[in-house]
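Residue strings, one per chain:
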Protein chains: 2
Amino acid sequence: MTFKTDIEIAREANKKPIQEIGAKLGIPNEHLLPFGHDKAKVSQEFVADARGRKRGKLILVTAINPTPAGEGKTTTTVGLGDGLNAIGKRAAICIREASLGPNFGMKGGAAGGGYSQVVPMEDMNLHFTGDFHAITSAHNLLSAMIDNHIYWGNELEIDERRITWRRVMDMNDRALRDMVISLGGVSNGFARQTGFDITVASEVMAILCLAADLEDLQRRLGDIVVAYKRDKTPIYCRDIGAEGAMTVLLKDAMQPNLVQTLENNPAFVHGGPFANIAHGCNSVVATQTALGLADYVVTEAGFGADLGAEKFFNIKCRKAGLKPAVAVIVATVRAMKMNGGVVKADLGSENVSAVQKGCPNLGRHIENVKSFGVPVVVAINHFHSDTDAEVQAVKDYVASLGSEAILCRHWAEGSKGISELATRVAELADGDWSQFAPLYGDDMPLYEKIETIARRIYRADEVLADAKIRNQLKEWEAAGYGSLPICMAKTQYSFSTDPNLRGAPDNHSVPVREVRLSAGAGFIVVICGEIMTMPGLPRKPAAQSIRFNDEGLIEGLF
Amino acid sequence: MTFKTDIEIAREANKKPIQEIGAKLGIPNEHLLPFGHDKAKVSQEFVADARGRKRGKLILVTAINPTPAGEGKTTTTVGLGDGLNAIGKRAAICIREASLGPNFGMKGGAAGGGYSQVVPMEDMNLHFTGDFHAITSAHNLLSAMIDNHIYWGNELEIDERRITWRRVMDMNDRALRDMVISLGGVSNGFARQTGFDITVASEVMAILCLAADLEDLQRRLGDIVVAYKRDKTPIYCRDIGAEGAMTVLLKDAMQPNLVQTLENNPAFVHGGPFANIAHGCNSVVATQTALGLADYVVTEAGFGADLGAEKFFNIKCRKAGLKPAVAVIVATVRAMKMNGGVVKADLGSENVSAVQKGCPNLGRHIENVKSFGVPVVVAINHFHSDTDAEVQAVKDYVASLGSEAILCRHWAEGSKGISELATRVAELADGDWSQFAPLYGDDMPLYEKIETIARRIYRADEVLADAKIRNQLKEWEAAGYGSLPICMAKTQYSFSTDPNLRGAPDNHSVPVREVRLSAGAGFIVVICGEIMTMPGLPRKPAAQSIRFNDEGLIEGLF
């Protein structure tokens, strides 16, 4: 069998003017700020109005732990949105923006795949509407102002060894991870060690994605802890006086972006925080705008459900007052097989027992999501090599847990391949079955919150943290940060902190290496294992192959 | 007297939809890529077509050496464009984009002033259409790929001490001028010293502004010299394999931006290279597009005519095959007084003899511009405190040189205040008097080119350069770069290299401190004195005052 590539399909898209897409949601032209003919931002004023309207039903698409076989979470998000529209529902999707830097490392990007994609794909993998550049500018303005404050006399008595605010760039550039700046003499400041993270790791990104509006954005930016004095009292962004200018820099970036699916349905694409040191969801503003305009809103969360759905529920939904109506857990036969021990080269051969052996990973995600009070449907994202017996094995397993798995062929067929899932999801949403509640209350002590996630979601026996970390948490509680939720940063490949431990491991421990306060975003980051916040480029970076071909088309980006 | 501020005037602008502005130049909607309702890019296809059409008349606006009193070069460019339209001519203006970083240092920006402004002013002083962000990304991708190449084995044998390609950021951040990167161990690469420049200083910016189209852009990017081997043979961008991906990153940035004046006339705002280490003009693409669509195109060049007009003629016009029809030299009574020795505090009092004493600075610029074969008119940009006798003194002086000075009140009155100048400029342009030729031929040896500029434009007696610099120039000649024009980097405040030497100094020397090869941009940079390529922030940066006020309007940016 031969298939068209994603980019070939995307280039054949019959795109409609973005004004027509906006009209489907009742957005008037004057509130649609176009970027070219196929992208637009929705004006701040219209967003403020839309958020106060009726509430659509919120549907979360999450997944099993990722494997090299791929799950197709974004593809299923797009497909389900198209599927709901195809059965006559007014639906929109909300997904994250792509980061520019990584596209020049490995072959990149794409928003969905096959016949379930968002377009214009090329722009979305390049500068799009400039949001990430604005975040980079706002972040680095604060950085420059901190060093400038020290240069001009350091009235705030910042301890130069305790500056936690680094700089960011939307690039994979390992050379910038660790550096000494302000060399070269008196006119360049005081030499000190620091570094760059990739833009998606910026707390500004997390803040933009959690802020309700420009006022809330400015307040949160002001709350960022940027450094400490020698006596360890914190220095905030507002002490530096940067939050007003940062807000001005972010005014356009705060407006959600509207594009379309291949089937010309509305897609909000807005924000893209890391799913480890941040919460990994598109912006609250986009989700709330979509909920005010559509009857069904399909969104996704980063990584598997152990990280993505957990943070979506415990951070985003808690903070934004969102109530998810249904959760879809995406699984593939191939990923089940890999969880069952099959290596990538052997994925093409039927192996029902391996599928069965891998299913407990899916099972645990189902249990976990249900524990938040949200009804679950499993979407089996069909791959052409899947056999009927393998698919049936997944269905049987899910049925044994009292849930339902539905085969979806949206990748190959678009909306008509996913109508069964769309119908079932709409029924569940309309039934108002959800009894959503976060996993822990705001008042629970921070360490207990960590333990709760580790025990209830990861099924660990214990959390391991030394006295320094426990004391740090207590200090933050004393400083008034005790009510913040936890943002876990661990490997996405396993329920445990060991990326090689597939399936549904029990009796493991969760060692906490470090805790960080994201006071502006409003969460405590708990780091378990190595977390890379500035990627590098591979030996042969994709950038070497990216170029315009003789027909004027971009090659190598996808 | 009280006046409205520039921003108050700009906010009262009766902006028309950008499609209407495009229609004035015959740009169809499908080739106008909107950014919001008041900005657009002109599509690559349309630009390619427009550039092949008839040629409008090109009018350069330049100025005397800048003083703290201000001259109003951009204001006059905008005013003259409006003035030409007001007398029934089809005219467009072409100016540079503003750099983001400096706006957060000193009160910034603005495109023109009073009733001769380009709007939307706020966007133009923030991210605008993202061109500078794209340039930053393209530049830093190359940087990351260079260090990545070394990390993976350094097959090209780059001498890590001889990497000339730095990184850039559109921010005033002195802490980034000089740094050691790649610290932290094996996985972060090989430690080496480098730094950041501000984005407008990037050779990518100069290249974008001189490139004819995407193909030429890619060729020029490939030509950039990024480093040398131990044997001093150059490593090019194309050896790193970055030029294709950089071109893809710059595809939108290469399309000129269209906005409007307060009087709803078309304004192209595109590119903004430094006026010292680069040539300080808006893009060739914008100028050529405007010339293909309008009968008169008014453009400007950075700094005074000794740097700005010289580079406009010798670099931009030479390389792009442009023939300027008329040059307008902007002067103010106040600036003449400062050149005549009056301090800023005393500018408000009438002082005809000081005006007369300062006029020789203007006189020399007139002579210089005429020497390129281009007819000259002087625009006296009126300030409310100017007296009739002072204005007459300037007019008399200019008349004594056989030229003409015309009083212009466009700042206060818009187009109706500049109709006399517009009429005269149109007459001169229509008369086809220009006998433009660059100052020196391509074949002249590089050192002689420097001497020619120093003697003929600066009126210096000699150029001082040690053997190392002379040898470097000879090596470049041997390597095939001998036909490149010279890009002088010296103070803009004087004809000499001493910023305090006002007026029309003679008998001075031009010491050359350093020469640099911009092989992609296609010029040799000759540095005379200290040139800052990464500014710092002042003690109290403007950013601390920038914020949204209670009415939702931006404060402190202007």
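Residues numbered from 1 in each chain as written. Chains lettered and ligands numbered in written order. Predicted model: local features only at pLDDT ≥ 70, side-chain atom pairs only at ≥ 80, totals over all residues. Heavy atoms only, no water.

By the naming in an unreviewed UniProt entry, chain A goes by Formate--tetrahydrofolate ligase and is assigned to Roseinatronobacter bogoriensis subsp. barguzinensis. Check the Sequence similarities (unreviewed entry) section of the UniProt entry for chain A; it says "Belongs to the formate--tetrahydrofolate ligase family." Heading Pathway (unreviewed entry) of the UniProt record for chain A holds this comment: "One-carbon metabolism; tetrahydrofolate interconversion." (UniProt positions renumbered as here; feature names shortened; annotations may be inferred.)

*Asks:* Quick rundown of the overall build of chain A? Include the residues and the values.
*Replies:* Looking only at helices and strands, one finds 19 helices and 26 strands in chain A. Taking 24 Å as the expected radius of gyration for a compact globule of 558 residues, we find that chain A reaches 23 Å, a close match to that expectation. Principal axes of the C-alpha set define a box for chain A whose edges measure 70 × 55 × 50 Å. Burial analysis of chain A (558 residues in total) assigns 65% to the buried set. Pairs at least 24 residues apart make up 75% of the contacts formed inside chain A by residues separated by at least 6 positions. A distance of 2 Å separates the average location of the 60 positive side-chain charges in chain A from that of its 66 negative side-chain charges. (Helix = DSSP H or I, 4+ residues; strand = E, 2+ residues; numbered from the N terminus. Rg over C-alpha atoms; globule rule 2.2 N^0.38 Å. Buried < 20%, exposed > 50% of the residue type's maximum accessible area, 1.4 Å probe, protein only. Contact = heavy atoms within 4.5 Å. Lys, Arg positive; Asp, Glu negative; His and termini not counted. Charge placed at Lys NZ, Arg CZ, Asp CG, Glu CD.)

*Asks:* Tell me about helix 4 (residues 73–86) of chain A, and please be specific about residues and values.
*Replies:* Between its terminal C-alpha atoms helix 4 of chain A stretches 20 Å, which fits the 20 Å expected from 14 residues at 1.5 Å a residue. Phi turns positive one or two residues past the end of helix 4 of chain A, at A:Gly88, with a value near 90°. (Expected span 1.5 Å × (residues − 1).)

*Asks:* Can you lay out the domain arrangement of chain A for me, pointing to particular residues and giving the numbers?
*Replies:* Interface extent is often summarised as the accessible area lost during association of the parts. Residue and element names in this part refer to chain A. Split by domain assignment, chain A resolves into domain 1 (6–127 + 254–430), domain 2 (132–249) and domain 3 (446–528). For domain 1 and domain 3, the distance between their C-alpha centres works out to 27 Å. Each partner contributes residues to the interface: domain 1 has 27 residues there, and domain 3 has 26 residues. Around 2200 Å² of area is buried between domain 1 and domain 3 when both sides are counted, 57% of it from carbon and sulfur atoms. Interface area lost by domain 1 to domain 3 is led by Ile277, Asp306 and Arg364, which between them contribute 27%. Across the contact surface, domain 1 and domain 3 share three salt bridges. Between Asp306 and Lys490 there is a salt bridge, and its shortest N-O distance comes to 2.7 Å. Here the side of domain 1 that touches domain 3 is composed, by residue class, of eleven nonpolar, nine polar and seven charged. (Domains from an automatic or database assignment. Buried area = accessible area lost by both parts, 1.4 Å probe. Salt bridge = Lys/Arg side-chain N within 4 Å of Asp/Glu carboxyl O. Nonpolar A, V, L, I, M, F, W, Y, C, P; charged D, E, K, R; others polar.)

*Asks:* Would you mind going over the interface of chain A and chain B in detail, with residue names and values included?
*Replies:* Facing the 67 residues of chain A at the interface are 66 residues of chain B. In this assembly, chain A packs against chain B so that about 5600 Å² is buried in total across both faces, 65% of it on carbon and sulfur atoms. When the buried surface of chain A facing chain B is broken down by residue, A:Trp152, A:Arg174 and A:Phe548 rank first, second and third, together holding 11% of it. Connecting chain A to chain B are four salt bridges. In this structure, the salt-bridge partner of B:Arg167 is A:Asp173, at a minimum N-O distance of 2.9 Å.

*Asks:* I'd love a proper account of the sheet that holds strand 24 (residues 523–527) of chain B, names of residues and values included.
*Replies:* Residue and element names in this part refer to chain B. Reading across the sheet, the three strands line up as 21-24-23 and stay open at both edges, with mixed pairing between neighbours. For this open sheet the edge positions go to strand 21 (486–489) and strand 23 (514–518), each flanked by a neighbour on one side alone. The average angle at which neighbouring strand axes cross in this sheet is 25°, direction not considered. Note: strand 21 against strand 24, four bridges, orientation parallel. For Met488, the partnering residue across the bridge sits in strand 24 and is Val526. Each of strand 21 and strand 24 touches helix 18 (residues 446–456); the most contacted strand, strand 21, lies at about 50° to it. (Pairing = 2+ DSSP bridges. Axes fitted to C-alpha atoms, helices over the stretch in contact; angles between N-to-C directions.)

*Asks:* Talk me through the pairing of strand 4 (residues 91–95) of chain A; I want residue IDs and the actual numbers.
*Replies:* All names here are of chain A. With respect to burial, strand 4 is a largely interior element, five of its five residues being buried. Burial along strand 4 is two-sided: Ala91, Ile93 and Ile95 facing one way and Ala92 and Cys94 facing the other are all buried. Two elements, strand 4 and strand 16 (residues 296–300), share four bridges in a ladder whose sense is parallel. The partner of Ile93 across the bridge, within strand 16, is Val298. Here strand 4 runs beside strand 15 (residues 266–269); their pairing, made up of three bridges, is parallel. For Ile95, the partnering residue across the bridge sits in strand 15 and is Val269.

*Asks:* Let's hear about the relation of the copies chain A and chain B: which residues, and what values?
*Replies:* Each copy of the sequence occupies a distinct position, and chain A is placed on chain B by a rotation of 180° and an axial shift of 0.0 Å, giving an RMSD of 0.0 Å. Such a combination of rotation and displacement between the chain copies is what one expects of a two-fold axis. In terms of proximity to the rotation axis, the leading residue of chain A is A:Phe35, whose C-alpha is 2.3 Å off the axis. (Least-squares fit on C-alpha atoms with pLDDT ≥ 70 in both.)

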